[in-house]
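Reading the structure
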Amino acid sequence: MFDFLIQGFGVALTPLNLGLAFLGALLGTLFGALPGIGPINGIAILMPLAYTLGLPAESALILLAGIYTGSEYGGRMSSILLNVPGDAGAVMTTLDGHPLAKKGLAGPALGLSAVSSFIGATVAIIGLTLFAPLLAIVAVKFGPAEFFALMIFAFASMSAMMGKDPVKTLIGAVLGVLISTVGVDSGTGVLRFTFDMPELYDGIDFVVMIIGLFAVSEILLMLEHAFRHDQEGEMAPIGRVMVKMSEVLYCKWAILRSSVIGFVIGVLPGTGASVASAVAYTTEKRISDHDNSFGTGNMRGLAAPEAANNASAAGSFVPMLTLGIPGSGTTAILLGALMLYNINPGPMMFREQPVVVGGLIASLYIGNVMLLLLNLPLAGVFARVLQVPRWLLVPSVAILAFVGVYQLHSDLMAIYLMLIIGVFGYLLRKFGFSLAPVVLGFVLGGLMEENLRRALSISGGDVGILFQSGLSIGLWIAAALVVLIPMFAGKLKAKFLPAAKAS
Amino acid sequence: MKLAADRILSLLLLGLAAFIAVQAWQLQVPFSYDPVGPKAFPLLLSGLLAILAIVLFIRPGASGQWPTGALLLRLVFTMAVLGIYAALFINLGYLATTALVSIVIAWLFGAAPVKAVVGGLLLAVGSYLLFTYGLGISLPTGSWIESLLGSN
């Protein structure tokens, strides 16, 4: 049953892939630590690199996954030292992390967060190893109708769990799906929404879309922050670098509980680090905050969201690798990257691509150890990255965006399109949209339509096929419940997530 | 008019939904065995988008902070700089355009002129060396340099 893992370690332990896992961990930590650039932006900006190097699919995925997990580590730097969360998932880290830094415990806080991140990720990777093959067995039973229902469930759970505004989450997802319909229709060869522009016949390119949406819009947002002089917190001194064993032991149950919570939430399609860290923090507050010190620099209040954060990052690989449904915006980007290698995501991926899947899981184990070894002693060095001035950072992001798109297309239209998408992404973010559902919609849109049409052509156009098997009925009911329960249980939710609201 | 932003957005989205519906409706579909065809999915989506837009209109969220005045001007200027970067990227070449754009952006982000110039030049040269020799990416040298080299 675990052949894939043995095979995977065979892949991941080749010198090239070991080097890439290290490079990914290093680059990820650096990019995650850059002010204003969270994990998802880091991946978006660095993604073209994987193609530039001409890597095979499994190596590219190992590099990108290393960047992903690494940037989750790096992201905590600005949360703890500057009180500026790099992304939504890091908000909870600031609540107790920054007060700790203010008390002069920045170093131990960084160390503790590295240890909790390591444990959270390890628990989740073991969970991934155990669960993925089981889920993959179920996944084989998925026909097009079930797959379509599963994607509906993913969007439903995302809209229910993510962000404050479910309507905007859904609108974002619909917009993403709509963008994916541009180009030649694969079923009939009809051109859709191309407006007689040959550049659009192949659809909107994934790299152009992602870089525009994240990197270009980020440039505009950073300009705004600089103009308003936001986010220029005093950087706390690091102090003692190492975390004490007693401090880790003080948090051990908080870390373990939060790891499990993070993993379970990460596995749910569509929900990622932000939900996981919020639930873990509030749970931990209820269980172990006896003297009301959460929010004032309690070590457990830092360990819980950090463990959950990283556990959910690894957990979100479960639906991605077994079902082809990304568990978060970031895994949606990874999945899109795989599709560029002509690897079809979906229930069969685990069987058809054991090298890619096994290699990735094995490299997560390796990368995680590397990250701990990198981050414990070098926290002070990485923290310097925070001081990179914006006037140097922003042109660098622009350069990476331009070169990333140019080297794939050597085409001016692609660059212009990237800029237009960047303005679109900026406007969405100003309107309070999260970009993750847009990416998820864009990546899944084509698959969604394809499966819907395949299901309906099997049934000769009878919509009933979508609700025929027990599996698909179960998924539809689950989707409905996920949307309806929070609606009716609003009061319960207010009780359950007070800290999430306060932030 | 505190809640205006989301209402304007919902009207825009309604317009978009209508536009998509009309565009999808006009698709010429050749005969095929596919009972659904290319129209149905976009039509479905545009319907969904319209419903969501109406919900947004009825229950708009907070408007947030929108850029005005000097900031708006800077944002537009930045996009214009990036547009010019794209337009000149191939003909003027990577080194020259990147240096210029980096200098302008650095200056926009509040760097002192000397710092901006030095930083921009270093960024351009450094990234050029990294990309071409480190990663093996071929970047445009620029037609003017090529013609100079060609005339020699």
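Conventions and cut-offs
For every chain, the first residue of the written sequence is number 1, and numbering continues from 1 along that sequence. Starting at A for chains and at 1 for ligands, labels are handed out in the order in which the entities are written. The predicted origin of the model limits local features to residues at a pLDDT of at least 70 and limits the giving and counting of side-chain atom pairs to 80 or more, whereas totals for whole chains, interfaces and linings rest on all residues. Side-chain descriptors were evaluated using all non-hydrogen atoms of the structure, hydrogens and water having been removed beforehand. Each helix corresponds to a stretch of at least 4 residues labelled H or I by DSSP, and each strand to a stretch of at least 2 residues labelled E; elements are numbered beginning at the N terminus. Based on C-alpha atoms, the radius of gyration is set beside the globule rule, defined as 2.2 Å times the residue count to the power 0.38. Here a residue-residue contact requires only that any non-hydrogen atoms of the pair lie within 4.5 Å. Accessible surface is estimated by sampling points in the Shrake-Rupley manner with a 1.4 Å probe; for residues, cover comes only from the protein chains shown. Here the positive residues are Lys and Arg and the negative ones are Asp and Glu; neither His nor the chain ends is included. Positions of charges follow a simple convention, taking NZ of Lys, CZ of Arg, CG of Asp or CD of Glu. Here the quantity called buried area is the accessible surface, traced with a 1.4 Å probe, that two parts lose on coming together, added over both. We define a salt bridge as a side-chain nitrogen of Lys or Arg found within 4 Å of a carboxyl oxygen belonging to Asp or Glu. Whenever two N or O atoms come within 3.5 Å, that pair is a polar contact, provided that in protein one can donate a hydrogen and the other can accept it, and provided that, for residues adjacent in sequence, both atoms are side-chain atoms. Here, expected helix span is obtained from the residue count minus one, scaled by 1.5 Å. Three labels apply to residues, based on accessible area from a 1.4 Å probe with only protein chains included: buried if under 20% of the type maximum, exposed if over 50%, partly exposed otherwise in between. An automatic or database domain assignment is the source of the domain bounds shown. Per-residue confidence from the predictor is reported as pLDDT, which spans 0 to 100. Among the buried residues, those of types Ala, Val, Leu, Ile, Met, Phe, Trp, Tyr and Cys that are joined through side-chain atoms within 4.5 Å form a nonpolar core. Orientation is described by axes fitted as lines to C-alpha atoms, over the contacting stretch for helices, and by angles from 0 to 180 degrees between their N-to-C directions. Reported orientations rely on four angle classes, namely roughly parallel under 35 degrees, roughly antiparallel over 145, roughly perpendicular from 65 to 115, and oblique for the rest. Crossing handedness is read from the near helix: turned anticlockwise from the far helix by less than a right angle, it gives a left-handed crossing, and turned clockwise, a right-handed one. For this scheme, ten residues count as nonpolar: Ala, Val, Leu, Ile, Met, Phe, Trp, Tyr, Cys and Pro. Four count as charged, namely Asp, Glu, Lys and Arg, and the remainder, Gly too, count as polar. Stacked, tilted and edge-to-face pairs are distinguished by plane angle, under 30 degrees for stacked and over 60 for edge-to-face with tilted covering the rest, among Phe, Tyr and Trp rings (Trp via its six-membered ring) whose centres lie within 6.5 Å. Criterion for a charge above a ring: Lys NZ or Arg CZ within 6 Å of the ring centre, and within 35 degrees of the ring normal.

Turning next to the overall build of chain A. On a plain count of helices and strands, chain A comes out with 22 helices and two strands. Here chain A has a C-alpha radius of gyration of 22 Å; the compact-globule value for 503 residues is 23 Å, and the two agree. Within chain A, contacts between residues separated by at least 24 positions form 80% of all contacts whose residues are at least 6 apart in sequence. As presented, chain A carries roughly 17,500 Å² of accessible surface, and 68% of it is formed by carbon and sulfur atoms. Charge centroids of chain A, computed over 26 positive and 27 negative side chains, lie 13 Å from each other.

What follows concerns the overall build of chain B. Tallying secondary structure elements over chain B gives six helices and zero strands in all. Each helix and strand of chain B, ordered N terminal to C terminal, gives the series α-α-α-α-α-α. Here chain B has a C-alpha radius of gyration of 24 Å; the compact-globule value for 152 residues is 15 Å, and the former is much larger. Seen through its C-alpha atoms, chain B measures out along the principal axes to roughly 65 × 50 × 25 Å.

The next thing to look at is the environment of A:R453. Locating A:R453 in the fold gives a position in helix α19 (residues 435-458). Considering only alpha carbons, one finds A:R453 and A:G295, 158 residues apart in sequence, at a separation of 51 Å. Those residues in contact with A:R453 that sit more than four places away from it in its chain are A:D185, A:G187, A:T188, A:R192, B:D34, B:V36, B:G37 and B:P38.

The accessible area lost on association of the parts is a frequent measure of interface size. Contact with chain B, which involves 61 residues of that partner, is made by 60 residues of chain A. Across the chain B/chain A interface, buried area totals approximately 5,400 Å², and carbon plus sulfur atoms make up 85% of it. In this assembly, chain B and chain A are joined by one salt bridge. Among the salt bridges present, the one from A:K168 reaches B:D6, with a minimum N-O distance of 2.9 Å. Counting across the interface, chain B meets chain A through three residue pairs in polar contact (both at pLDDT 80 or more). For the side of chain B that touches chain A, the secondary-structure elements that each account for two or more residues are α1 (4-25), α2 (37-58), α3 (69-89), α4 (94-108) and α5 (113-134) of chain B.

Helix length check: α3(B), at 21 residues, gives a terminal C-alpha distance of 30 Å against a target of 30 Å (1.5 Å per residue), a fit within 8%. Buried residues of α3(B): B:L71, B:L75, B:T78, B:M79, B:V81, B:L82, B:G83, B:Y85, B:A86 and B:F89, and no others. Looking at the buried residues of α3(B), the elements they touch are α8 (206-228), α17 (390-409) and α18 (412-430) of chain A together with α4 of chain B.

As a further point, take the pattern of salt bridges. Residue and element names in this part refer to chain A. Applying the stated criterion across every chain, the model contains ten salt bridges over all chains. In this structure, E449 engages R453 in a salt bridge whose closest nitrogen and oxygen atoms are separated by 2.8 Å. Of the two residues, E449 and R453 are both situated in helix α19; the distance of four residues between them amounts to about one turn of the helix. Using a relative accessible area of 7% as the deciding quantity, one classes R453 as buried.

One can read the domain layout of chain B as domain 1 (4-58) and domain 2 (69-151). Of note, the centres of domain 1 of chain B and domain 2 of chain B, computed from C-alpha atoms alone, are 40 Å apart.

Our next topic: the side chain of A:H98. Residues and elements named next belong to chain A. Examined against the element boundaries, H98 turns out to sit in helix α5 (residues 91-139). For H98, the side chain forms a polar contact with the main-chain nitrogen of N83, separated by 3.5 Å. For H98, the contacting residues outside a window of four places in its chain are S79, I80, L81, L82, N83 and T93.

Turning next to the confidence of the model for chain A. Low pLDDT means the predicted atomic positions in that stretch should not be read closely. Taken residue by residue, chain A gives an average pLDDT of 85. The fraction at 70 or more is 94%. Confidence, read as mean pLDDT per element, is least for helix α22 (residues 498-502) of chain A in chain A (45) and greatest for α18(A) (94).

One recurring pattern in soluble globular proteins: nonpolar side chains tend to sit buried together. Core analysis: the biggest nonpolar cluster contains 204 residues, and A:F317 and A:M418 have the highest contact counts within it. When residues of this core are sorted by domain, at least three fall in each of domain 1 (4-58) and domain 2 (69-151) of chain B. Residues in contact with A:M418, not counting those within four places in the same chain, are A:V208, A:I211, A:G212, A:V216, A:A401, A:F402 and A:V405. Formed by seven residues, the second largest nonpolar core is a distinct cluster that contains A:I265, A:V275, A:A276 and A:V279.

Take the packing of helix α3 (residues 39-52) of chain A against helix α4 (residues 57-82) of chain A next. Packed helices, taken two at a time, are described by their axes: the angle between them and the distance between them. Residue and element names in this part refer to chain A. Look at α3 against α4: their axes get within 9 Å of each other, and the N-to-C directions meet at 155°. Taken together, the axes of α3 and α4 lie roughly antiparallel to each other. For the pair α3 and α4, the crossing hand works out as right-handed. Taking contact as the criterion, the partners of P39, I43, L46, M47 and A50 in α3 are, on α4, A60, L63, L64, I67, Y68, S71 and E72. Residues of the contact of α3 with α4, tallied by class, amount to ten nonpolar, one polar and one charged.

Residues and elements named next belong to chain A. Positive phi is not limited to glycine here, since F193 has a value of about 50°. Considering the arrangement of structural elements, one finds F193 in the loop between β2 (191-192) and α8. One non-glycine residue with positive phi stands out, namely N292, at about 60°. Relative to the assigned elements, N292 resides in the loop between α11 (273-288) and α12 (299-315). Classification of N292 as exposed rests on a relative accessible area of 60%.

A few words on the environment of A:L364. Residue and element names in this part refer to chain A. Topologically, L364 is positioned in helix α16 (residues 354-383). On the accessibility criterion, L364 (6% relative accessible area) is buried. Excluding its chain neighbours within four sequence positions, the residues that come into contact with L364 are A65, T69, I125, L128 and F317.

Time to look at helix α7 (residues 166-180) of chain A. For α7(A), spanning 15 residues, the distance from its first C-alpha to its last is 21 Å, which sits close to the expected 21 Å at 1.5 Å a residue. Most of α7(A) sits out of view: twelve of its 15 residues are buried. Restricting attention to buried positions, one finds in α7(A) the residues A:V167, A:K168, A:T169, A:I171, A:G172, A:A173, A:V174, A:L175, A:G176, A:V177, A:L178 and A:I179. Its buried side turned inward, α7(A) meets α6 (144-161), α8, α18 and α19 of chain A together with α1 and α2 of chain B.

If you walk through the whole model with that rule in mind, you get 16 aromatic pairs over all chains. With a centroid separation of 6.3 Å and 55° between ring planes, the pair formed by A:F148 and A:W476 is classed as tilted. With a gap of 328 residues between them, A:F148 in helix α6 and A:W476 in helix α20 (residues 470-488) connect regions that are remote in the sequence. One aromatic cluster in this structure is built from A:F402, A:Y406, B:Y85, B:F89, B:Y94, B:Y128 and B:F131. Geometry around A:F433 places A:K168 over its ring, the cationic atom sitting 5.9 Å from the centre. For the cation-ring pair, A:R300 lies above A:Y250, with the distance from its terminal atom to the ring centre recorded as 4.0 Å.

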